[in-house]
Amino acid sequence: MNCRRRSIRPPSVLVGLLALIALSGCGTLVAPDAGGPTTFLLVSNAGANAVEVLATDGRISTLANVASARLGSDVLPCGMALGPDQRLYVADRAGVRVLVFEPRDVVGGGPIAPVATITAPALTGACGVAFDAGGSLWLADQRGSTIARPAANVLQQFEDLAGVTGDVTATPSRTLELSSDETRVLPSWFVSALYFDADGALWFSDVWRWSVNRIDDPSSYPRGTSTDVVPDLQFDTADRDDRAASPMHNPQGLVRDEAGNLFVAMAGQPWVLRYDAASLTNGRIEGLEPAAVLRLPLQMAGAGDGPVALALDGTGALWIAVNERRQLFRIPRPSATDRPPTHTTRTHWGERGLLFASTAVFVSDADW
C-alpha cells in the first residue's frame with residue numbers, strides 16, 4: 001500500500017454518511033516517551049473506520065496524532081463514550097451494535113478487536129451514545145430515517161452492561177420515542193450526538209433538522225416504551241430568510257462547561273456556538289441567539305468542513321475537531337466575556353478520513 005499523506009475532501013454532511021468509503025490506515029505512528037501518566041484524546045473517525053489517537057508530551061496544549069486504531073472495514077463509528085468501567089463504547093451504525101474496547105488497546109493503534117459486542121433486537125440503528133450518572137448506556141436509534149422517508153428517532157436505555165465480555169444480547173429498559181408532532185416540536189429525524197451534563201440532563205442534536213434538544217430526567221419515564229416524547233427544551237438558531245446563512249447549520253457535538261454554558265459544533269459553518277446557562281430555559285425556542293460565536297479560520301469548501309467533535313480538557317479549554325484539512329483547534333478560554341474567545345493551538349487529528357457524528361474523549365493511562 002502507498003501510505004503517502006494525501007488530502008481527502010469530505011463530501012457534504014448529508015451525502016457523506018451514505019457514501020463513506022473505508023480507508024485503511026497505515027499503521028501505528030511514534031508514541032510519546034514513557035515517563036508518567038499520559039493523556040490521550042480519542043476521536044472517532046467515520047471515514048477511516050477508526051479511532052484516532054492523540055497524546056501529549058507532557059503539556060496538554062501539545063497534543064499530537066500518534067496512532068490510528070482500525071476497527072474494521074465493516075464498522076462505521078457513529079459516536080463513542082467512556083463507560084463507568086473505563087472502557088470505550090463505540091456505536092457501530094453499519095452493524096447496528098455497540099463495540100466495547102479496552103483503552104490500552106486503542107491507544108496502541110493498528111487493527112484492534114472488541115472485548116464485547118452488544119446487540120439488541122429492538123435496535124434498527126445506532127449512532128449517538130452516552131452514559132448517565134447511574135452507569136446506564138443510552139443510544140440514539142435513527143430507525144432507518146432518510147430525507148425521503150423520515151422517521152422519528154428513539155432514545156434507548158440499557159442497564160447493567162459494565163464489564164460485559166463476548167457477544168451480549170441486551171434488552172432496553174426504557175425506550176423514548178420522540179414526538180413527530182410538528183405543531184409542538186421540530187421532529188428529530190437524525191440524532192447525531194448524545195451528551196449527559198453534570199445535572200443529569202440528556203442533550204442531543206439533530207443534524208438534519210438543525211436543532212438542539214434536552215430531556216431533563218430521561219430515567220423518570222416509566223420502564224418500557226414511551227411514545228410522543230417532547231423534549232423539555234428544544235431550540236434552533238436559524239436565519240428564516242436565508243437558511244444557508246443560519247448560524248446553526250448541521251449541529252453535531254455538544255459539551256457544557258462548569259458554569260453550565262453549552263457549546264455546539266456546526267459542521268456546516270466555520271464556528272462553534274456558545275449558549276450561556278441562563279438562556280437554556282424550557283420549551284420550544286425558535287431563533288435562540290447564542291452568547292458568542294467561536295469562529296475558526298476555515299475555508300469551508302465542502303458542506304461539512306466545519307466543527308464536528310468537541311471536548312473539554314482538564315484546564316477547561318475547548319478542543320474542536322473539524323473536517324477541513326483534518327484540523328484540531330484548542331481555545332483556552334472558550335467562555336471568556338472580556339474578549340472574543342480565540343484559538344492558540346492548531347494541529348491535526350489524523351492522517352485521513354471523515355468526521356461525522358464523531359466524538360472526542362479524553363482518557364489517561366493512569367486509569368488503567
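Predicted model, so just to flag it, every value in this text is computed and none were measured.

A. Geometry of the overall build of the protein. Looking only at helices and strands, one finds two helices and 28 strands in the protein. Over its C-alpha atoms the protein spans a radius of gyration of 19 Å, differing by no more than 12% from the 21 Å that the globule rule assigns to 368 residues. Each principal axis of the C-alpha distribution contributes one length, and for the protein these read about 55 × 50 × 35 Å. Burial analysis of the protein (368 residues in total) assigns 58% to the buried set. For the protein, long-range pairs separated by at least 24 residues make up 55% of all intrachain contacts whose partners lie at least 6 apart in sequence. On the protein, roughly 14,600 Å² of surface is accessible, and the fraction owed to carbon and sulfur atoms is 49%. A distance of 7 Å separates the average location of the 30 positive side-chain charges in the protein from that of its 39 negative side-chain charges.

B. Just the state of the cysteines, in detail. Scanning all chains against the criterion turns up one disulfide. Across a sulfur-sulfur distance of 2.0 Å, Cys-78 and Cys-127 are joined as a disulfide pair. With the S-S dihedral at roughly -50°, the linkage between Cys-78 and Cys-127 falls on the left-handed side. You can see Cys-78 sitting in strand 4 (residues 77-82) and its partner Cys-127 sitting in the loop between strand 8 (116-119) and strand 9 (129-131), a full 49 residues away along the chain. When sorted by exposure, Cys-78 lands in the same class as Cys-127, which is buried.

C. Quick look at the nonpolar core. Trp-203, Phe-235, Leu-262 and Tyr-275 are the most contacted members of the largest nonpolar core, which totals 31 residues. Every residue in contact with Leu-262, bar those within four places of it in the chain, is listed here: Trp-203, Val-212, Phe-235, Leu-254, Val-255, Arg-256, Leu-273, Arg-274, Tyr-275 and Leu-280. Membership of the second largest hydrophobic core comes to 20 residues, among which are Val-53, Ala-55, Val-75 and Ile-112.

D. Inspection of the environment of Asn-153 at higher detail. Examined against the element boundaries, Asn-153 turns out to sit in the loop between strand 10 (137-141) and strand 11 (154-158). Put simply, Asn-153 and Val-191 are 38 residues apart on the chain and 7.0 Å apart in space, counted from C-alpha to C-alpha. Not counting the four nearest positions on each side in its chain, Asn-153 is found in contact with Asp-141, Gln-142, Arg-143, Ser-145, Leu-176, Glu-177, Leu-178, Ser-188, Trp-189, Phe-190 and Val-191. Only 3.2 Å separates the side chain of Asn-153 from the backbone oxygen of Ala-151, close enough to count as a polar contact. Polar contacts involving the side chain of Asn-153 include one to the main-chain amide nitrogen of Phe-190, which spans 3.5 Å.

E. A look at the side chain of Asn-213. Tracing the chain through its elements places Asn-213 in strand 16 (residues 211-215). Judged by relative accessible area, Asn-213 falls into the buried class, the value being 0%. Polar side-chain contacts of Asn-213 include one of 2.7 Å to the side chain of Gln-234. Apart from residues lying up to four places away in sequence, Asn-213 is in contact with Ser-188, Leu-202, Trp-203, Phe-204, Pro-231, Leu-233 and Gln-234.

Conventions and cut-offs
- By convention here, each chain's residues receive numbers from 1 onward along its written sequence.
- The model is predicted, so local features are restricted to residues of pLDDT at least 70 and side-chain atom pairs to those at 80 or more, both for listing and for counting; the totals for chains, interfaces and linings are taken over all residues.
- The side-chain figures draw on all heavy atoms in the structure; neither hydrogens nor water molecules are used.
- By definition, any uninterrupted DSSP run of H or I lasting at least four residues is a helix, any uninterrupted run of E lasting at least two residues is a strand, and each is numbered from the N terminus.
- Here the globule rule reads 2.2 Å times residues to the power 0.38, and the radius of gyration is calculated from C-alpha atoms.
- Remark: exposure states derive from per-residue accessible area (1.4 Å probe, protein chains only) relative to the maximum for the residue type, with buried under 20%, exposed over 50%, and partly exposed in between.
- Two residues qualify as a contact provided that any one of their heavy atoms is within 4.5 Å of a heavy atom in the partner residue.
- All accessible-area figures derive from a Shrake-Rupley calculation using a 1.4 Å probe, and residue coverage is judged against the displayed protein chains alone.
- Under this rule, positive means Lys or Arg and negative means Asp or Glu; His and the chain ends count for nothing.
- To locate a charge, the coordinates of NZ of Lys, CZ of Arg, CG of Asp or CD of Glu are taken.
- A pair of cysteine sulfur atoms is labelled a disulfide when the two atoms are within 2.5 Å.
- We call a set of buried Ala, Val, Leu, Ile, Met, Phe, Trp, Tyr and Cys residues a nonpolar core when their side-chain atoms join them within 4.5 Å.
- For the purposes of these results, a polar contact is taken to be a pair of N or O atoms within 3.5 Å, where, inside protein, one atom must be able to donate a hydrogen and its partner to accept one; residues adjacent in sequence count only when each atom of the pair is a side-chain atom.

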